[in-house]
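# Working through the structure, step by step
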Amino acid sequence: MPLSFKHLTSTKQLTRADTDAILVKAAEIEGVTAKGGSSDLLAGKILATLFYEASTRTRLSFEAAMLRLGGQVITADGFQFSSLYKGESVEDTMRMVGQYADIIAMRHPEQGSADRAAAVSPVPFINAGDGPGQHPTQALLDLFTIRKERGTIDGLKIAMVGDLRYGRTVHSLSFLLGLYTNLSFTFVAPKELTMPEKVTSFLLEKKLPFTQTDKLEAALSCDVLYMTRIQEERFADHSEYERLKNVYTLTADLVKGTKVTVMHPLPRVGEITTDVDALPNAAYFRQARNGVPVRMALLALLLGF
Ligand code: CP
């Protein structure tokens, strides 16, 4: 079934039918790639990756996804090496890149830049993160991971921990989980970094209950603990970042003996100690790997395959 959108800028656009189609296709593709198989589904197609803000996972998994589907990738590597540096607008960049590529993925530090890009892009456009705004493909791979790890999405207790104010992944994932039923949320953050009203009012509208606390222990009895990094790059006052950067540290001693699935969009910078990695609860590297089949599914569906 075709997706309900041409461009993906926000998880608020996604319907349950869209997410079902993406998750089903990702599982199918994973079945092929896990056995070492490849595909030529997108042979002759070109993906342009435009990353004007740092990335390892999103960029490389988009590029791996396109290559594994038999397509090709062109890239603009960093703000200072693109014509944005000379003052070209995001809109003109899209108009141009859409002449060279069949589909575009862009990360940009400004919230709203993805909507501006999508408004003029002549080819399908995917938001790969727009500042503190949205990161919809991360949310899709998070959803895929939750279902694989827990066998279901409906009815789970989900904890989100850390920088809930600036963390775009927790915003996107909360909106996406609004498509499911009987979920409950525990938001763990210091008072300076609590979940924004745009998310809490959305959950109230959806009648999905949530509690807010600054105690990490509250997350350990949930089904999923989604840890986040304190987003240094978003703080206007660096001394505030320094004060808050070590507010939560998840250690093996805390996780051992619990049934919680530990997720993190990565990179981590100390908020999960490396002794957690060996525990079966630690799903974050499996989560990162899931980025490839999920982005393969999205590229294929947006290109009509
Ligand atoms: N999770 C994520 O977006 O990672 P990168 O910043 O490395 O792309």
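The coordinates are above.
Residues numbered from 1 in each chain as written. Predicted model: local features only at pLDDT ≥ 70, side-chain atom pairs only at ≥ 80, totals over all residues. Heavy atoms only, no water.

## A closer look at the site of the ligand
Close to the ligand lie S55, T56, R57, T58, R107, H135, Q138, P265 and L266, which account for all nearby residues. A distance of 2.6 Å separates an oxygen atom of the ligand from a polar side-chain atom of T58. P265 is positioned such that a nitrogen or oxygen atom in its backbone is 2.8 Å from a nitrogen atom of the ligand. Of the pockets mapped on this structure, the ligand occupies the largest pocket. Split by residue class, the shell around the ligand holds two nonpolar, five polar and two charged. Domain assignment of the residues forming the shell around the ligand places at least three in each of domain 1 (11-135 + 291-302) and domain 2 (136-288). (Near = heavy atom within 4 Å. Polar contact = N/O pair within 3.5 Å; in protein donor to acceptor, adjacent residues only side chain to side chain. 1 Å grid on protein atoms, 1.4 Å probe; cavity = no way out; pocket = protein on both sides within 12 Å on 5 of 7 lines; lining within 4 Å. Sits in = over half its atoms within 2 Å of the grid points. Nonpolar A, V, L, I, M, F, W, Y, C, P; charged D, E, K, R; others polar. Domains from an automatic or database assignment.)

## Quick notes on the layout of surface pockets
For the largest pocket, the calculated volume is near 410 Å³. Lining of the largest pocket is provided by 21 residues; of these, R107, R168, R229, L266 and P267 occupy positions nearest its centre. Of the residues belonging to the lining of the largest pocket, the class tally is four nonpolar, ten polar and seven charged. Residues from two domains meet in the lining of the largest pocket; each of domain 1 (11-135 + 291-302) and domain 2 (136-288) gives at least three. Considered as a void within the structure, the second largest pocket measures approximately 210 Å³ in volume. As for the second largest pocket, its lining consists of E30, T33, A34, G36, R68, K148, R289, N290, V292 and P293. (Points joined across faces, edges and corners; volume = space filled by probe spheres on them.)

## Some thoughts on the pattern of salt bridges
Counted according to the given criterion, the structure contains 17 salt bridges. Among the salt bridges present, the one from R95 reaches D92, with a minimum N-O distance of 2.7 Å. Remark: D92 and R95 occur in helix α3 (residues 90-100); sequence separation between them is three residues, near one turn of the helix. Classification of D92 by relative accessible area gives partly exposed; the value is 35%. For E233, the salt bridge goes to R229, with nearest N and O atoms at 2.8 Å. With relative accessibility at 15%, the residue R229 sits in the buried group. (Salt bridge = Lys/Arg side-chain N within 4 Å of Asp/Glu carboxyl O. Helix = DSSP H or I, 4+ residues; strand = E, 2+ residues; numbered from the N terminus. Buried < 20%, exposed > 50% of the residue type's maximum accessible area, 1.4 Å probe, protein only.)

## Focus on the pairing of strand β7 (residues 210-213)
Across four bridges, the pairing between strand β6 (residues 184-188) and β7 is parallel. Across the sheet, residue F185 finds its bridge partner in β7, namely F210. For the handedness criterion, the β-α-β arrangement of β6, helix α7 (residues 197-205) and β7 is classed as right-handed. (Pairing = 2+ DSSP bridges. Right-handed = clockwise from strand over helix to strand, strands pointing away.)

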